[in-house]
Amino acid sequence: MDIGQQQPLNHDHQGFPWIGTENGPNRFDGYRFITFLHDPRDSESLGGNVISALFEDSQNRLWAGTNAGLAYLDREQGKFIRIPLRSADRTTPLKGIQS
């Protein structure tokens, strides 16, 4: 796992640490890091790999702000689902998420 510069860090309700990197969100399961990446063949996948924010809401949904929008973790499918955002400037990364 390449952390690069200072990145977002969060622990989810299950106690797993999450680290937002320039190569996707990474979850440490106690043994190894699991990395979630944008899949250009999947229009619902994580919009971008550069993670600028991580947040878990009151319903235990983990959200990731990326260089290409917003996504949440579908724990049943084991992947992030992209939330389309309307913006004139789609190159501006999400800087923060709050409830």
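Please refer to the structure placed before this passage.
So, how was this worked out
Residues numbered from 1 in each chain as written. Predicted model: local features only at pLDDT ≥ 70, side-chain atom pairs only at ≥ 80, totals over all residues. Heavy atoms only, no water. Pairing = 2+ DSSP bridges. Helix = DSSP H or I, 4+ residues; strand = E, 2+ residues; numbered from the N terminus. Axes fitted to C-alpha atoms, helices over the stretch in contact; angles between N-to-C directions. Salt bridge = Lys/Arg side-chain N within 4 Å of Asp/Glu carboxyl O. Buried < 20%, exposed > 50% of the residue type's maximum accessible area, 1.4 Å probe, protein only. Polar contact = N/O pair within 3.5 Å; in protein donor to acceptor, adjacent residues only side chain to side chain. Contact = heavy atoms within 4.5 Å.

S.K.: Can you tell me about the sheet that holds strand 6 (residues 62–66), naming the residues and giving the values?
M.R.: Taken in spatial order, the four strands line up as 5-6-7-8 in an open sheet, and their pairing is antiparallel. Taken across any chain shown, the strands that pair with only one partner, and hence form the sheet edges, are strand 5 (51–56) and strand 8 (79–83). The mean inter-strand angle of the sheet, taken between neighbouring strand axes irrespective of direction, is 25°.

S.K.: Give me the pattern of salt bridges: which residues, what numbers.
M.R.: Under the counting rule described, the total for this entry stands at six salt bridges. Note that D39 and R41 form a salt bridge whose closest N and O atoms lie 3.1 Å from each other. By relative accessible area, D39 is classed as partly exposed at 23%. Overall, the relative accessible area of 76% leaves R41 in the exposed class.

S.K.: A description of the side chain of D42 should follow, citing residues and the corresponding values.
M.R.: Positionally, D42 belongs in the loop between strand 4 (33–35) and strand 5. Polar side-chain contacts of D42 include one of 2.7 Å to the side chain of K79. With near-sequence residues (within four places) excluded, D42 lies in contact with K79 and R82.

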